[in-house]
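Below, each chain spelled out in residue letters.
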Amino acid sequence: KQEVTQIPAALSVPEGENLVLNCSFTDSAIYNLQWFRQDPGKGLTSLLLIQSSQREQTSGRLNASLDKSSGRSTLYIAASQPGDSATYLCAVRRNYGQNFVFGPGTRLSVLP
Amino acid sequence: EAGVAQSPRYKIIEKRQSVAFWCNPISGHATLYWYQQILGQGPKLLIQFQNNGVVDDSQLPKDRFSAERLKGVDSTLKIQPAKLEDSAVYLCASSLVMGVKNTEAFFGQGTRLTVV
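Since we're looking at a predicted model, the values are computed, not measured. (Residues numbered from 1 in each chain as written. Chains lettered and ligands numbered in written order. Predicted model: local features only at pLDDT ≥ 70, side-chain atom pairs only at ≥ 80, totals over all residues. Heavy atoms only, no water.)

(A) Focus on the overall build of chain B. What chain B contains, in helices and strands, is zero helices and 11 strands. The C-alpha radius of gyration computed for chain B amounts to 14 Å, which stays within 12% of the reference 13 Å derived for 116 residues, consistent with globular compactness. With respect to the three principal axes, the spread of C-alpha positions in chain B is 45 × 25 × 25 Å. The buried share of chain B, reckoned over its 116 residues, is 46%. Counting only contacts in chain B whose residues sit at least 6 apart along the sequence, the fraction spanning at least 24 positions is 53%. Summing over all exposed atoms, chain B offers an accessible surface of approximately 5,800 Å²; the carbon and sulfur share of this is 51%. A gap of 3 Å separates the mean positions of the 13 positive and 10 negative side-chain charges of chain B. (Helix = DSSP H or I, 4+ residues; strand = E, 2+ residues; numbered from the N terminus. Rg over C-alpha atoms; globule rule 2.2 N^0.38 Å. Buried < 20%, exposed > 50% of the residue type's maximum accessible area, 1.4 Å probe, protein only. Contact = heavy atoms within 4.5 Å. Areas by Shrake-Rupley, 256 points an atom, 1.4 Å probe, with all protein chains shown as cover. Lys, Arg positive; Asp, Glu negative; His and termini not counted. Charge placed at Lys NZ, Arg CZ, Asp CG, Glu CD.)

(B) Quick peek at the sheet that holds strand E7 (residues 65–68) of chain B. Residue and element names in this part refer to chain B. The strand order E1-E3-E8-E7 describes an open sheet built from four strands, whose pairing is antiparallel. A strand with exactly one partner marks an edge of an open sheet, and here the two such strands are strand E1 (5–7) and E7. The sheet shows a mean angle of 15° between the axes of neighbouring strands, taken without regard to direction. Strand direction decides the pairing type here: E7 and strand E8 (residues 75–79), joined by four bridges, are antiparallel. By the bridge assignment, alanine 67 is partnered in E8 with leucine 77. (Pairing = 2+ DSSP bridges. Axes fitted to C-alpha atoms, helices over the stretch in contact; angles between N-to-C directions.)

(C) Spatial organisation of the state of the cysteines. Within the structure shown, the criterion is met by two disulfides over all chains. Here cysteine 23 of chain A pairs with cysteine 90 of chain A through a disulfide, and the sulfurs are 2.0 Å apart. Negative torsions about the S-S bond denote left-handed disulfides, and the value of about 75° found for cysteine 23 of chain A with cysteine 90 of chain A makes this one right-handed. In this pair, cysteine 23 of chain A is assigned in strand E3 (residues 19–25) and cysteine 90 of chain A in strand E9 (residues 86–93), connecting sequence segments 67 residues apart. Here cysteine 23 of chain B pairs with cysteine 92 of chain B through a disulfide, and the sulfurs are 1.9 Å apart. Disulfide cysteine 23 of chain B-cysteine 92 of chain B: torsion about the S-S bond near -70°, hence left-handed. Taken together, the positions of cysteine 23 of chain B in strand E3 (residues 19–24) and cysteine 92 of chain B in strand E9 (residues 88–95) put the pair 69 residues apart, joining distant regions of the chain. On the accessibility criterion, cysteine 92 of chain B (0% relative accessible area) is buried. (Disulfide = S-S within 2.5 Å.)

(D) Inspection of the interface of chain B and chain A at higher detail. Of the residues lining the interface, 26 residues belong to chain B; the matching set on chain A comes to 22 residues. Carbon and sulfur atoms supply 48% of the area that chain B and chain A bury against each other, a total of about 1,800 Å² over both sides. In this structure, the connection of chain B to chain A is made through zero salt bridges. Inspection of the chain B/chain A interface yields 10 residue pairs in polar contact (both at pLDDT 80 or more). (Buried area = accessible area lost by both parts, 1.4 Å probe. Salt bridge = Lys/Arg side-chain N within 4 Å of Asp/Glu carboxyl O. Polar contact = N/O pair within 3.5 Å; in protein donor to acceptor, adjacent residues only side chain to side chain.)

(E) How the structure looks around the environment of aspartate 84 of chain A. Residue and element names in this part refer to chain A. Here aspartate 84 lies in the loop between strand E8 (72–77) and E9. As a C-alpha pair, aspartate 84 and glutamate 15 span 69 residues in sequence and 9.5 Å in three-dimensional space. If we skip the residues at most four places from it in the chain, aspartate 84 touches Arg37, Arg61, Ile77, Leu108 and Val110. Polar contacts involving the side chain of aspartate 84 include one to the side chain of arginine 61, which spans 2.8 Å.

In structure tokens, the structure reads:
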């Protein structure tokens, strides 16, 4: 059974800092991994999708890496801003038809 | 491109009452998911549809939860009777599947259910 964990559970940083969020999964046989952002009381917004054959994906100030063999993914946020404050969730999918298994999320606060 | 639509946004009911949630996925998306997200936790799958067929409902509490996806488009999720522990956000998501490489999932805003 796939289990996904995220460290740290919460993180508070001053504006402008670069930061790394971690995601670990127990079964390396994944199809893809997706990072989401969730604002309080809102749904999930997709940030980056990494296929199992890829090592990283970039979008603006965000960079996600994937190391399937070690069961890890990291989300790097450069030059953090208060608007980045949210909960960040990672989710893995085993096969293209299967559902996502989510981690518990990392709650990020970027202080002005 | 319109996103995943869900209604209502909020619902408060008493325990033992029934409630229904509605989801309209992105046009052309064959796969539809219902997730339950309890406060402070990641979403947990309740049921997955491929068109109008059920792919995975192994974590759906079938004694009280039911879901359908008529005509392979809109879907409804029902709880009857509700319990206090059903208080959560119910998220609907959709994705392309079957032969499409970039199978990104898109989520709706969710329905926040409070059972009192």
